[in-house]
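# Reading the structure
One letter stands for each residue in the lines below.
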Amino acid sequence: MKAFGPIIEPISTWLNSGSSRRDAWIRRGLLITLMAMLLFATFWLVPARVLAADPTGADTLKDNPNMPVNMAWTLITGFLVWFMQLGFAFLGAGLIRSKNQTNYWTKSFMDFCIASLGFWAFGFALMFGGSKLFPGLDDGNSFVGFSGFFLSGSAYDVSTIMMWFFQMVFAATAATIVAGAVAERMKITGYLAYAFVIGALVYPIYGKWIWGGGWLSTLSIAGATGARDFAGSGVVHMVGGLAALIGAAMVGPRIGKFNKDGSPNNIKGHNLPFVVIGTFILFFGWFGFNPGSTLAATDLRISVIAVNTFLAGVAGAVVALYWTFVRTGKMDIIAGCNGCLVGLVAITAPCAFVPPWAAVLIGAIAVPFLVATATIVERVLKVDDAVGAVPVHFGGGLWGLLAVGIFADGTYLDVKGLITGEGGQLLLQLIDIGALVAWVGATMSVAFWVIKKTIGLRASREEELSGLDVPEHGIEAYPAQTPVLAGAAETDKA
Amino acid sequence: MKAFGPIIEPISTWLNSGSSRRDAWIRRGLLITLMAMLLFATFWLVPARVLAADPTGADTLKDNPNMPVNMAWTLITGFLVWFMQLGFAFLGAGLIRSKNQTNYWTKSFMDFCIASLGFWAFGFALMFGGSKLFPGLDDGNSFVGFSGFFLSGSAYDVSTIMMWFFQMVFAATAATIVAGAVAERMKITGYLAYAFVIGALVYPIYGKWIWGGGWLSTLSIAGATGARDFAGSGVVHMVGGLAALIGAAMVGPRIGKFNKDGSPNNIKGHNLPFVVIGTFILFFGWFGFNPGSTLAATDLRISVIAVNTFLAGVAGAVVALYWTFVRTGKMDIIAGCNGCLVGLVAITAPCAFVPPWAAVLIGAIAVPFLVATATIVERVLKVDDAVGAVPVHFGGGLWGLLAVGIFADGTYLDVKGLITGEGGQLLLQLIDIGALVAWVGATMSVAFWVIKKTIGLRASREEELSGLDVPEHGIEAYPAQTPVLAGAAETDKA
Amino acid sequence: MKAFGPIIEPISTWLNSGSSRRDAWIRRGLLITLMAMLLFATFWLVPARVLAADPTGADTLKDNPNMPVNMAWTLITGFLVWFMQLGFAFLGAGLIRSKNQTNYWTKSFMDFCIASLGFWAFGFALMFGGSKLFPGLDDGNSFVGFSGFFLSGSAYDVSTIMMWFFQMVFAATAATIVAGAVAERMKITGYLAYAFVIGALVYPIYGKWIWGGGWLSTLSIAGATGARDFAGSGVVHMVGGLAALIGAAMVGPRIGKFNKDGSPNNIKGHNLPFVVIGTFILFFGWFGFNPGSTLAATDLRISVIAVNTFLAGVAGAVVALYWTFVRTGKMDIIAGCNGCLVGLVAITAPCAFVPPWAAVLIGAIAVPFLVATATIVERVLKVDDAVGAVPVHFGGGLWGLLAVGIFADGTYLDVKGLITGEGGQLLLQLIDIGALVAWVGATMSVAFWVIKKTIGLRASREEELSGLDVPEHGIEAYPAQTPVLAGAAETDKA
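Let me sum up the structure you'll find in this document. Everything numeric here is computed off the predicted structure, so don't read it as measured data.

### Regarding the relation of the copies chain A and chain C
Mapping chain A onto chain C is achieved by rotating through 120 degrees and translating by 0.0 Å along the same axis, at an RMSD of 0.0 Å. As the rotation angle and translation indicate, the two copies are arranged about a three-fold axis. Relative to the rotation axis, the closest C-alpha in chain A is found at V69 of chain A, a distance of 3.5 Å. Each copy contacts the other with its own distinct surface, as only 10% of the interface residues of chain A are interface residues in chain C too.

Put into structure tokens, the structure is as follows:
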């Protein structure tokens, strides 16, 4: 047991070594929260036999012989969605400087861990309790659910657990969108607290309204029922994009981003290949994100969704690349990547409802939304979004929700946009946008404010100037003594 | 609307600011083409209700209860094929110098975007119109199809659209093979024009002959019917490899590649890990490429195909690694990677027709084809193929087509090679090779010549010497002011 | 044929140019072995029609209409498992220095090639011959099988070949675990010989005992039958981790790792992003590793397995990150990544048998096992495990096997752990651990000793100090003349 010795001793040391009274209290609070969660999970949940009704899924299989292909489809596409985390990490890392790489990769990796634990503990129950989608998870109303905490209770069966997985990877995606916008100056401790809040509370409650059988999904206007967001232009991307905007605004701009007259400077990233790699991986993951959102391979619309997703992405990329070329004479691949991503974000809501030609248009038209949002964020709001997350996710998500109301052709789930001569769906989409902005705007503002006043949001000026890697993490991303750089030095001497 | 302001104004500026009359005309032509395509797609296609017959696939499902598993299989393997784009990007990027990274990543990302839009607009219709594979896409003959442009028309249903997706990712693969061969000196504008041509015209018309029910697929000789190229050793790899050879020849060698006496120099790449990463990703994608080409999981031959693919890849890698070790005493991983890839290219045509022991042999024997092709390209033809794309894809593809005629054991689709005592298939394969070389050789020569005389193929001497990144793209791949390098500098001073 | 000329001539040169008599004999032995294997595979196997009984799987499909979805599931998850090779490569590469990158990437790529050829030739037959899982592969007993060599024989059908693929990627995973532990000083030739031995002999024979119907799978104690290792905490991870420990011990520590007083130094890696990227990719692959091990999508327990896998991984990451933060005040992402991986290793055996709350606990408790094993390896045994492979794979795997006997809740395959009041399973798990340690400990010690005495294990002092890349491979990973570094140099001058 001696090997376990060093595990217990430092805890008390740590508890008593806060640099201030506030810090000491935060440490105590953190430890108590963690232990309470563990104890709760262990002792309260142990007696409840999870999966009691149909532990192996044999009954489910008997009732639904197509469940294997649908579950395989949903899980595999869910794996692809999860893999987008790596795409976000590459993309953002490429767009920021070397001195903050350790910090950025830590945030990118740990945010989904923490957001998903929040979603496990609270989020799923808030989002799907009482949704009538899952027998047994009955408690809840049109605004919030409250059954199914901690993936426990006899109501869970193999289908519910599959659904939990798919929903969780979406929550984790929303969470990680913020990392890039607040990069290079937000403290890691504050950022990880944010990740818990969005995964446990902010994302799921809005999600409840539209995907969990809540009020936005049942609202009727002018013959249309329910705002539609097939795979989450709003639920995932606008939520993440708006949280990013608020976070970036509250943490303030990086040192050197804005001049005294308010004009912005371009702070170059450190690794252009990373940007393209990230976009490739995100695109790959989107093939899970959109087609997987049928939750069933028996819904053969999946082929249309895959093709629409692809076409919107490439249309956005081509339009943004040539658009920039027209303006600057340079083939700016960062513009191409952002155009691709904004096209993908935009097609996410309408992907199932529109014909392929509309997907090309939606992707192409997403580019002006990208440009306009970027201009507003940087020049009007004077917010420093370090990687351009807000234009891609908020701007593109907004256009995506609108596009459902414009281009839906009525061939799927009877959703009809302006091109069929119906206007009701577009009104529903506008209400959805308003509700999203109000909820996320209010809650994320409060959340970031509370974090700012307790744990703190912003690294010190010294830390920011030196880069966050060594002060916060104790590890440089690319230690200088490596032969790459020794090689450089030798070259220099020679 | 002010935010959209900067979108309209620069277009006219750009139109009138060509550096020459020719340049101005190219700009006008480009803009008109783009707008014409958008208008055509929008106004002509809007009235046509896509998917009118069976929009959700419900009828397809009733007719074919196995469609879900087959569609899930085809889409997921298609996603893996698409992901090979990232493998090609890494592989080529690793083998070339830092100063051309932005250029190379731009080409790698944008080529599939543009090639696939070409395939969307024209390629699929040319390749599968009249193929009788898709009811409703009836116009076409043995040499070229002409129905199904722009994924529009009432004939499309969920199955056709699935097929479009799978075919499109193959076309995009053929297109990107060329990027490496012409790297470090071909202009980005010329390269992207090439990508459109191969995706819209060159690839699909040859593809029609063998995969679209065309003349090569119906030809009979000595009891055998139809040349066989299961997953595209010829259609994808030889087409891409030959286009690469022609492109590299027409753009000319990089400055410094060949000495005055014609002997070649080895221009080292900038990042060996990238080479191995690219190979890993390509190998991963090949598990989609070959097994997915059944287009059905109900064809249980998929397990044999996966195993054959794997064995040929590892056999090629091991033989090439030890082969180089025997010659040089060094374990050259670039040789190992190229050996792996040439083994994979070679097994692509025969993967479904041969037993596993033959897959090992095919992978091993691909290595001499690699070595021989590399020698011919560099020493006989004096062509500068910057990343060795021609030996891998053309050399390996050639051997793969031949291998069908040698090792097919008659257990699948009744394809019989020499080992069964039949020679007819081998003759068909030789005719296929001849047709491919003639078509691709002729059309790509014309295409690159036209691009050379209009847009231009080759960057200027100054651009090439400084690297293409700043002159063509305005962005260095690894901006020098980043702390990585500042760190190096500091180390140096210390 | 002239192009093939350089292929034959250097072989004789090489054969006669050994630097010593021993070296010359090794060269001869290598060549003869390779040629014997090729000849054996070709001439002995050609007459045997592989897949003679049911070559296309049509009969299999008739007997089992669910085979398509199960085969698609098994193959696709197998592809994900294979992709973990890239994760291991990134992870280890990030944790070691630049001067050994070419060497490390070569090992990472070639080890799976060689191990899988060993598994093809011998391993699968030793592991599954006589297991009664496959009709026709009848020869074998409780300790070792002997039918099915070289994937040949009429017994193979599409199902067996699918199984071969899935088993092969697991064998390849075990093999590559060792690369990191012995990095920066083990000779490439010796390492590749090891890879063959583990894939052909060591892994399959232990695997036989537990997965191939061998004695550990039939042993009964106190009402429980058969040790359980669902996806390989033991078979893959402890085997790989113990081989890593033995390899690292026998090759000795890196120069500079230990001070004269035996205290260890921390040798920093060269690229922190690589570490996180590797962890992301490994996590992604684990979604194949564990859920795929049902070998069937009709076993709907796959959703529970996916969720358990995920939860254990994130719980491990969060506990390790905050645990380190408590001790050091730094957010150490390397600790977070190792915590994630050890959680994933630990859940691998119990993933199918435990409820989600237990998965969280298993992941969390894996972290103390990680810390304890790391302490023992470095401080007690004084072994230099360059990337921490032993704590993650051996420590985590040990805990995973034990956790089956503790947390299995009896809902799946009737496996019951302590929480159901039964102790028999835990005893079986302990016996399994003992058997594994005895077998792998003995055989790998002999194997590494034999390699040491013949090919040699350790690079020379000069090679180690300069880095293995140029002496062993002739290629630097990041050639210094690239503009990145030229840029650095210029910055320095400016």
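Picking up after the structure, the text goes on.
### Topic: the interface of chain A and chain C
Opposite the 79 residues of chain A that make contact, chain C presents 72 residues. Summing the contributions of chain A and of chain C, the shared interface buries around 6600 Å²; its carbon and sulfur component is 83%. The tally of links from chain A across to chain C stands at zero salt bridges. Counting across the interface, chain A meets chain C through six residue pairs in polar contact (both at pLDDT 80 or more). For the side of chain A that touches chain C, the element with the highest residue contribution is helix 4 (residues 67-95) of chain A, accounting for 15 residues. Its residues assigned to classes, the side of chain A that touches chain C shows 58 nonpolar, 17 polar and four charged.

### So, the packing of aromatic side chains
Throughout the structure, instances matching the rule amount to 150 aromatic pairs over all chains. Both rings, one in F287 of chain B and one in F165 of chain C, keep their centres 5.3 Å apart while their planes meet at 75 degrees; by these two values the pair is edge-to-face. In this pair, F287 of chain B is assigned in helix 10 (residues 272-289) and F165 of chain C in helix 6 (residues 158-181), connecting two distinct chains. For F165 of chain C, a relative accessible area of 0% corresponds to the buried category. Centroid distance Y194 of chain C to F448 of chain C: 5.4 Å. Interplanar angle 15 degrees. Geometry classified as stacked. Taken together, the positions of Y194 of chain C in helix 7 (residues 188-211) and F448 of chain C in helix 15 (residues 424-453) put the pair 254 residues apart, joining distant regions of the chain.

### Notes on the environment of S220 of chain A
Residues and elements named next belong to chain A. Here S220 shows up in strand 1 (residues 220-221). Residues S220 and I246, spaced 26 residues apart in sequence, show a C-alpha to C-alpha distance of 31 Å. Reaching out from S220, the side chain makes a polar contact with the side chain of T225 at a distance of 2.8 Å.

### Thoughts on the packing of helix 13 (residues 356-380) of chain C against helix 14 (residues 389-407) of chain C
All names here are of chain C. It is the contact of helix 13 with helix 14, at a shortest axis distance of 8 Å, that shows an interaxial angle of 140 degrees. Regarding the angle of helix 13 to helix 14, the classification is oblique. For the element pair helix 13 and helix 14, the recorded crossing hand is right-handed. For the pair formed by helix 13 and helix 14, the contact residues are W357, A358, L361, I362, I365, A366, F369, L370, T373, A374 and V377 on the first element and V390, P391, V392, G395, W399, A403 and F407 on the second. Partitioning the contact of helix 13 with helix 14 into residue classes produces 16 nonpolar, two polar and no charged.

### Brief notes about a nonpolar patch on the surface
Taken together, the side chains of I376, V380 and L381 of chain A define a hydrophobic patch exposed on the protein surface, amounting to about 260 Å² of accessible area. Mapped onto the elements, I376 of chain A comes out in helix 13 (residues 356-380).

### With respect to helix 11 (residues 302-328) of chain B
The end-to-end C-alpha separation of helix 11 of chain B is 39 Å, in line with the 39 Å expected for 27 residues at 1.5 Å each. Counting buried positions along helix 11 of chain B gives 24 out of 27 residues, so the element sits mostly inside the fold.

### Some thoughts on the pattern of salt bridges
Two side chains of opposite charge can pair, provided their charged atoms sit close to one another. Residues and elements named next belong to chain B. In this structure the tally under the stated criterion is 18 salt bridges over all chains. A salt bridge links E184 to R97; the nearest nitrogen and oxygen atoms lie 3.1 Å apart. Of this pair, E184 sits in the loop between helix 6 (158-181) and helix 7 (188-211) while R97 sits in the loop between helix 4 (67-95) and helix 5 (101-128), placing them 87 residues apart in sequence. According to the relative accessible area criterion, R97 is buried, its value standing at 17%. The salt bridge involving E378 is made with K257; its shortest N-O contact spans 3.4 Å.

Scoring rules and cut-offs
Residues numbered from 1 in each chain as written. Chains lettered and ligands numbered in written order. Predicted model: local features only at pLDDT ≥ 70, side-chain atom pairs only at ≥ 80, totals over all residues. Heavy atoms only, no water. Least-squares fit on C-alpha atoms with pLDDT ≥ 70 in both. Contact = heavy atoms within 4.5 Å. Buried area = accessible area lost by both parts, 1.4 Å probe. Salt bridge = Lys/Arg side-chain N within 4 Å of Asp/Glu carboxyl O. Polar contact = N/O pair within 3.5 Å; in protein donor to acceptor, adjacent residues only side chain to side chain. Helix = DSSP H or I, 4+ residues; strand = E, 2+ residues; numbered from the N terminus. Nonpolar A, V, L, I, M, F, W, Y, C, P; charged D, E, K, R; others polar. Phe/Tyr/Trp six-rings, centres within 6.5 Å; stacked < 30°, edge-to-face > 60°. Buried < 20%, exposed > 50% of the residue type's maximum accessible area, 1.4 Å probe, protein only. Axes fitted to C-alpha atoms, helices over the stretch in contact; angles between N-to-C directions. Parallel < 35°, antiparallel > 145°, perpendicular 65-115°, else oblique. Left-handed = near helix turned anticlockwise from the far one by under 90°. Patch = residues over 30% accessible without salt bridge, like charges linked within 9 Å, V, L, I, M, F, W, Y side chains within 5 Å. Areas by Shrake-Rupley, 256 points an atom, 1.4 Å probe, with all protein chains shown as cover. Expected span 1.5 Å × (residues − 1).

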